[in-house]
Amino acid sequence: MTALLAALAGLLVLTGARRGADAGEAVETAAAAAELAELDRLKARGLMDEAGWAAARAEAGRRILSGERAVAPVRAGSKDRVWTLAGAGAAVAAALGLYLLVGTVGLPDQAYERRVDEWAVQPEALEGPQIAAVVARIVREQPDNRQALTMLGAARFDAGDPIGAASAFRRALALNPEDAQSWARLGESLVRANDGAVGGDAEAAFQESLKRDPNQLGARYFLGEAALARGDAAGVRAMWLPLIAALDPADPRRADLERRLPPGGAA
């Protein structure tokens, strides 16, 4: 298959090279522009009157429009075909050599589920997407396992899949709508999926979180951001003042919130 693909690639290259490049149209256009520019220069010097200049330009225009486009001859060296084929062959040889160097010849394909089996026995060495795959299998086997669903949402969030994380948190909330933390994590997932903007769905999730637990500080932060974006100074103070009070005075996040707090909202 590799040899066949290389041969087809070489055939395409040779076919394109055999057709060559037709530069006649560009040459003809450049010549026409030069002729008209020369007529303009003669008129500007006073060497042509208005009537003669207009007649000459009209004649030149008719000749350009009716003339046949010149076709540039195709120039090819006697050894161009050899060099082209040699380049294609060298590329194929380099690819095969790289495979023999870093690949494993004859290694059978590893089924995805088999890889998940291997990941499951060494969870401490896994990255975010692998953790999400392991937990997703647990969820498939136990679709009503709320703890597994929240773990799946957290793993997908850390793996950079906010839409998948939001889906997992929604399923967890369907099993227990009183989980304030899952409401907050759902809102965070929606914010990340929306490129950092606190949309209506995310804001509603944060409000549900605070309704069940006023100490959900992450929800307070994002609700304050939403209020700040729409110019609701009172809403910002209502959300951020308790958050500022809860943060350590040495925490740089506290200083940032105090700096951004609308006027009149200092603690």
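Bear in mind that the values here come from a model prediction, so they are computed numbers and not experimental data.

Draft legend 1. Main features of the overall build of the chain. Scanning the chain from terminus to terminus reveals 13 helices and 0 strands. Reading the chain from its N end, one meets helices and strands in the order α-α-α-α-α-α-α-α-α-α-α-α-α. Counting every position in the chain, which comprises 267 residues, the buried fraction comes to 27%. At a minimum sequence separation of 6, the contacts of the chain that also span at least 24 residues come to 44%. Summed over its atoms, the accessible surface of the chain is roughly 17,200 Å², and 58% of this surface lies on carbon and sulfur atoms.

Draft legend 2. Examining helix α9 (residues 180-193) more closely. For α9, spanning 14 residues, the distance from its first C-alpha to its last is 20 Å, which sits close to the expected 20 Å at 1.5 Å a residue. Counting buried positions along α9 gives 10 out of 14 residues, so the element sits mostly inside the fold. Residues Ala180, Ser182, Trp183, Ala184, Arg185, Leu186, Gly187, Ser189, Leu190 and Val191 constitute the buried set of α9. Of the surrounding secondary structure, the elements contacted by the buried residues of α9 are α7 (146-158), α8 (162-175), α10 (200-212) and α11 (217-229).

Draft legend 3. Focus on the side chain of Ser189. Note on placement: Ser189 falls in helix α9. Assessed through its relative accessible area of 0%, Ser189 is described here as buried. Every residue in contact with Ser189, bar those within four places of it in the chain, is listed here: Phe157, Pro162, Ala165, Ala166 and Phe169.

Draft legend 4. View of the nonpolar core. One finds Leu186, Phe206, Trp240 and Leu257 to be the most contacted residues of the largest nonpolar core, which totals 25 residues. When contributions to this core are tallied by element, the ones reaching two or more residues are α8, α9, α10, α11 and α12 (233-246). For this core, the leading source of residues is α12, giving 5 residues. For Leu257, the residues in contact, after removing those within four places along its chain, are Tyr221, Trp240, Leu243, Ile244 and Leu247. Membership of the second largest hydrophobic core comes to 8 residues, among which are Val139, Ala148, Leu149 and Leu152.

Draft legend 5. Summary view of the packing of aromatic side chains. Counting across every chain of the model gives 3 aromatic pairs. On the numbers, 5.0 Å between centres and 5° between planes, the contact of Phe206 with Phe222 is stacked. Taken together, the positions of Phe206 in helix α10 and Phe222 in helix α11 put the pair 16 residues apart, joining distant regions of the chain. With respect to burial, Phe206 and Phe222 carry one shared label: buried. Geometrically, the ring pair formed by Tyr221 and Trp240 is stacked, given 6.1 Å between the ring centres and 10° between the ring planes. Of this pair, Tyr221 sits in helix α11 while Trp240 is found in helix α12, placing the two residues 19 residues apart along the sequence. The exposure class assigned to Tyr221 is partly exposed, which follows from its relative accessible area of 28%. By relative accessible area, which is 0% here, Trp240 ends up buried. Sitting over the face of the ring of Phe157, Arg192 holds its NZ or CZ atom 3.8 Å from the ring centroid.

Criteria and cut-off values
Residues numbered from 1 in each chain as written. Predicted model: local features only at pLDDT ≥ 70, side-chain atom pairs only at ≥ 80, totals over all residues. Heavy atoms only, no water. Helix = DSSP H or I, 4+ residues; strand = E, 2+ residues; numbered from the N terminus. Buried < 20%, exposed > 50% of the residue type's maximum accessible area, 1.4 Å probe, protein only. Contact = heavy atoms within 4.5 Å. Areas by Shrake-Rupley, 256 points an atom, 1.4 Å probe, with all protein chains shown as cover. Expected span 1.5 Å × (residues − 1). Core = buried A, V, L, I, M, F, W, Y, C linked by side-chain atoms within 4.5 Å. Phe/Tyr/Trp six-rings, centres within 6.5 Å; stacked < 30°, edge-to-face > 60°. Lys NZ or Arg CZ within 6 Å of the ring centre and 35° of its normal.

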